Amino acid sequence: MTQETLIYSFVSRGTVVLAEYTEFSGNFTDVASQCLHKLPSSNNKFTYNCDGYTFNYLVEKGFTYCIVASESAGSQLPIGFLERVKQDFIKRYGGGKGDTAIAKSLTKEFGPKLKEHMKYCAEHPEEINKLTKVQGQVDQVKGVMMGNIEKVLERGEKIELLVDKTENLRSQAQDFRKQGTQIKKKLWFENMKIKLIVLTVLVALILIIVLSICHGFKC
């Protein structure tokens, strides 16, 4: 496999190309630029096929890494190349020049690095393909783990809501119990009050009867 399998590469911030490299001429640079302007901004990998070439993009944290390759290169080799370039670019320019550089201003510095990565990947396709396959498996496992974590967190929120509802019910039960006790005391006092009134009336009647009898007998 020759270097002709990897044709053109660039790194951009948004749609501003910061560095690029190619040894070939053709309209693939225009097609790559047109595709760049149509890419979603979300972190992901994208591949387009046109005229026997694949236009491969890796979008991550505002930067886009691109490699135009011949279809004979397959899918794993371009992805492996993009991962290598991404790591190298972030190491050199992450949080620094990469955030402020103007169009094509990093081509002189990083263009030769793109050339080196293209040459190495083209000359070691089996190694790159294996690494890409392993990375894909790692990403898949990571995705499953993140999905499980999200489910656990979601379940945790539901448990928290259930706990809140339980606490509310417990609080309402305590309030109901307090209200019941207060009503019970109130009814008890009302009952005692009625009993005292009845007892007073009875005592008064008894006194009246006793006094009436005494008066009849002239006690």
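Peer 1: Go over the overall build of the chain, please, and point to the residues and values.
Peer 2: For the chain, the count of helices and strands is five helices and five strands. Helices and strands appear in the chain in the N-to-C order β-β-α-β-β-β-α-α-α-α. Of all intrachain contacts in the chain linking residues separated by at least 6 positions in sequence, the fraction that spans at least 24 positions is 56%. Total accessible area computed for the chain in this model is approximately 15100 Å², and 60% of it derives from carbon and sulfur atoms.

Peer 1: Go over the pairing of strand E5 (residues 63-70) with me, naming the residues and quoting the values.
Peer 2: Most of E5 sits inside the fold, with eight of its eight residues counted as buried. Both faces of E5 are covered, namely the face carrying Phe 63, Tyr 65, Ile 67 and Ala 69 and the face carrying Thr 64, Cys 66, Val 68 and Ser 70. Note that strand E4 (residues 53-60) and E5 share eight bridges and pair antiparallel. Each residue of the ladder has a partner; that of Asn 56, found in E5, is Ile 67. Hairpin remark: E4 followed by E5, antiparallel, with two residues in the connecting loop; positive phi at Lys 61, about 55 degrees.

Peer 1: Outline the nonpolar core, listing residues and values.
Peer 2: In terms of nonpolar packing, the biggest core is built from 25 residues, with Leu 6, Tyr 65, Phe 81, Phe 89 and Phe 110 touching the most fellow members. Taken together, the elements giving at least two residues each to this core come down to strand E1 (6-13), strand E2 (16-22), E5, helix H2 (76-93) and helix H4 (107-123). The dominant element in this core, judged by the number of residues it contributes, is H2, at six residues. Apart from the residues lying within four places of it in its own chain, the contact partners of Phe 81 are Leu 6, Ser 9, Cys 66, Ile 67, Leu 114, His 117, Met 118, Cys 121 and Ile 128.

Peer 1: How would you explain the packing of H2 against H4 if you had to name every residue and give the values?
Peer 2: The contact between H2 and H4 brings their axes to 10 Å, and the two run at 150 degrees. Judged by the inter-axis angle, H2 sits roughly antiparallel to H4. Handedness of the H2/H4 crossing: right-handed. Between H2, through Leu 77, Phe 81, Arg 84, Val 85, Asp 88, Phe 89, Arg 92 and Tyr 93, and H4, the contact on the second element is made entirely by Glu 109, Phe 110, Lys 113, Leu 114, His 117, Met 118, Tyr 120 and Cys 121.

Peer 1: Mind laying out empty space enclosed by the protein, listing which residues take part and the relevant values?
Peer 2: What the rule picks out here adds up to two cavities of 30 Å³ or more. Taken as a whole, the largest cavity spans an internal volume of roughly 40 Å³. Asn 27, Phe 28, Val 31, Cys 50, Asp 51, Tyr 53 and Phe 55 together form the lining of the largest cavity. Mapped by element, the contributors of at least two residues to the lining of the largest cavity are helix H1 (28-38) and E4. Split by residue class, the lining of the largest cavity holds five nonpolar, one polar and one charged. Looking at the second largest cavity, the residues that line it are Lys 45, Phe 46, Thr 47, Asn 56, Tyr 57, Leu 58, Ile 79 and Leu 82. Where the lining of the second largest cavity is concerned, the elements lending two or more residues are strand E3 (44-50), E4 and H2. Its residues assigned to classes, the lining of the second largest cavity shows five nonpolar, two polar and one charged.

Peer 1: Which residues make up H2, and what values go with them?
Peer 2: Since the α-helix packs 3.6 residues into each turn, any two residues three or four apart lie on the same face. Under the 1.5 Å per step criterion, the end-to-end length of H2 is 26 Å for 18 residues, consistent within 8% with the ideal 26 Å. Among all positions in H2, only Leu 77, Pro 78, Gly 80, Phe 81, Leu 82, Glu 83, Val 85, Lys 86, Asp 88, Phe 89 and Tyr 93 are buried. Looking one or two places after H2, you find Gly 95, whose phi comes out positive at around 70 degrees.

Peer 1: Describe the sheet that holds E2, naming the residues involved and giving the relevant values.
Peer 2: Pairing within the open sheet is antiparallel, and its five strands lie in the order E2-E1-E5-E4-E3. A single partner strand is all that each edge strand has here, and the edge strands are E2 and E3. On average, adjacent strands in this sheet sit at an angle of 15 degrees to one another, irrespective of strand direction. Here seven bridges tie E3 to E4, and the two strands are oriented antiparallel to one another. In the sheet register, Lys 45 faces E4, and the bridge partner there is Leu 58. With respect to the sheet, H4 is in contact with E1, E2 and E5, its orientation differing from that of E2 by roughly 50 degrees.

Basis of the calculations
Residues numbered from 1 in each chain as written. Predicted model: local features only at pLDDT ≥ 70, side-chain atom pairs only at ≥ 80, totals over all residues. Heavy atoms only, no water. Helix = DSSP H or I, 4+ residues; strand = E, 2+ residues; numbered from the N terminus. Contact = heavy atoms within 4.5 Å. Areas by Shrake-Rupley, 256 points an atom, 1.4 Å probe, with all protein chains shown as cover. Buried < 20%, exposed > 50% of the residue type's maximum accessible area, 1.4 Å probe, protein only. Pairing = 2+ DSSP bridges. Core = buried A, V, L, I, M, F, W, Y, C linked by side-chain atoms within 4.5 Å. Axes fitted to C-alpha atoms, helices over the stretch in contact; angles between N-to-C directions. Parallel < 35°, antiparallel > 145°, perpendicular 65-115°, else oblique. Left-handed = near helix turned anticlockwise from the far one by under 90°. 1 Å grid on protein atoms, 1.4 Å probe; cavity = no way out; pocket = protein on both sides within 12 Å on 5 of 7 lines; lining within 4 Å. Points joined across faces, edges and corners; volume = space filled by probe spheres on them. Nonpolar A, V, L, I, M, F, W, Y, C, P; charged D, E, K, R; others polar. Expected span 1.5 Å × (residues − 1).

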